[in-house]
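Geometric and topological summary
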Amino acid sequence: MHIFGEFLFLFLLGCVYWFYRDRRRYLVNRIGNSAFKNVYRVGRNIFFMLKKNELEIEGDVSVLDKGCVLYSFHFGVWELMPRALIKLGYTTGIIVNRYQKEEGSIAFRMLDSLLRRWRSVGGVRVFYKENALDIVRFLKSGGVFGVLVDGNSFYQKHAKAKRLAELCRVPLVPFAAYRRAHKGVLHIGCDLPNLVRSRPLDYVWFYKSR
């Protein structure tokens, strides 16, 4: 059943890739002949996230004890990080984008609602960019706050994450969540650039900053 589900998901993602011409061209321009392999790997990672698989923790988690800004890229199985930390007893929150604009369609409104419910399972706090004061309060109360800093470049939003950490007087620490030998790993304090170099197909190269 798992194999069939993954196959069906990859087939649907492949169809989206093929018909979404502009994003397909963007991806090919970035990584050339590895484009389809990247879609395949990202598809497997997304399916792994949807199944809410467990992550093994690596690195020094004590850095999170008094609050922390954790940052990463759209790499591997990043959406599983908050649940893993919640299970360790950390109050965890993330910042996400809205797909719906002020006069957005019903479909985008439903997508935002669905993603918020999925991401908040287990007590994960979900913030948007307009919740700046709530984010500061969350961090100062000892929360662990997750943010993805990449956009059209790897560190497009890193400066903002750094300013937030300095304002709240908490450490700014990189993390990565990814699959290794059919298992999930959450590495706190990892070397993000080196991970992308060693596992380039795990990065979502077709991502564009909104």
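In what follows, the structure referred to is the one given above.
As a starting point, this report considers the structure included with it. (Residues numbered from 1 in each chain as written. Predicted model: local features only at pLDDT ≥ 70, side-chain atom pairs only at ≥ 80, totals over all residues. Heavy atoms only, no water.)

So, about the overall build of the protein. Scanning the protein from terminus to terminus reveals eight helices and seven strands. Dimensions of the protein, computed from the C-alpha atoms along their principal axes, are close to 45 × 45 × 35 Å. A fraction of 74% describes how many contacts in the protein between residues 6 or more apart in sequence connect residues 24 or more apart. Seen as two clouds, the 35 positive and the 17 negative side-chain charges of the protein have centres 4 Å apart. (Helix = DSSP H or I, 4+ residues; strand = E, 2+ residues; numbered from the N terminus. Contact = heavy atoms within 4.5 Å. Lys, Arg positive; Asp, Glu negative; His and termini not counted. Charge placed at Lys NZ, Arg CZ, Asp CG, Glu CD.)

Of all hydrophobic cores here, the largest spans 32 residues; its most connected members are Val-69, Phe-75, Leu-139, Phe-145 and Leu-164. Beyond its immediate chain neighbours, meaning those up to four positions away, Leu-139 contacts Gly-67, Cys-68, Val-69, Phe-145, Leu-164, Cys-168 and Val-170. Core analysis: the second largest hydrophobic core is formed by 29 residues, Trp-78, Tyr-128, Val-144 and Val-204 among them. (Core = buried A, V, L, I, M, F, W, Y, C linked by side-chain atoms within 4.5 Å. Buried < 20%, exposed > 50% of the residue type's maximum accessible area, 1.4 Å probe, protein only.)

Now for the sheet that holds strand 6 (residues 172-180). Here seven strands make up an open sheet; going across it, the order is 1-7-6-2-5-3-4 and the pairing mixed. Where the open sheet ends on each side, the last strands, each with one partner, are strand 1 (55-58) and strand 4 (125-127). Averaged over all neighbouring strand pairs, the angle between strand axes comes to 25 degrees, with direction disregarded. Relative to strand 4, strand 3 (residues 92-95) runs parallel, the two being bridged by three bridges. Looking at the pairing, Ile-94 lines up with Val-126 of strand 4. (Pairing = 2+ DSSP bridges. Axes fitted to C-alpha atoms, helices over the stretch in contact; angles between N-to-C directions.)

This part takes up the packing of aromatic side chains. Applying the stated criterion to the full structure yields ten aromatic pairs. Arranged with centres 6.3 Å apart and planes meeting at 65 degrees, the rings of Phe-75 and Tyr-178 form a pair that is edge-to-face. In this pair, Phe-75 sits in the loop between strand 2 (68-72) and helix 4 (81-87) while Tyr-178 sits in strand 6, placing the two residues 103 residues apart along the sequence. Judged on exposure class, the residue Phe-75 and its partner Tyr-178 are both buried. (Phe/Tyr/Trp six-rings, centres within 6.5 Å; stacked < 30°, edge-to-face > 60°.)

Taken together, the buried positions of helix 2 (residues 21-31) are occupied by Arg-24, Tyr-26, Leu-27 and Ile-31. One side of helix 2 carries all its buried residues, which in axial view fall inside an arc of 160 degrees. Relative to its buried face, helix 2 has exposed residues pointing more than 90 degrees away, namely Arg-21, Asp-22, Arg-25 and Asn-29. Phi turns positive, to about 60 degrees, at Gly-32, one or two residues after helix 2. (Arc of directions from axis to C-beta.)

Attention shifts here to unusual backbone geometry. Phi angles above zero are rare outside glycine, and Lys-52 is one such case at about 55 degrees. Of note in this structure, Ala-181 is not a glycine but carries a positive phi near 55 degrees.

Bringing empty space enclosed by the protein into the picture now. One pass over the full model with this rule turns up one cavity of 30 Å³ or more. Here the largest cavity defines a volume of roughly 40 Å³. As for the largest cavity, its lining consists of Glu-79, Pro-82, Arg-83, Ile-94, Trp-118, Arg-119 and Val-124. Among the residues making up the lining of the largest cavity, the classes are represented as four nonpolar, no polar and three charged. (1 Å grid on protein atoms, 1.4 Å probe; cavity = no way out; pocket = protein on both sides within 12 Å on 5 of 7 lines; lining within 4 Å. Points joined across faces, edges and corners; volume = space filled by probe spheres on them. Nonpolar A, V, L, I, M, F, W, Y, C, P; charged D, E, K, R; others polar.)

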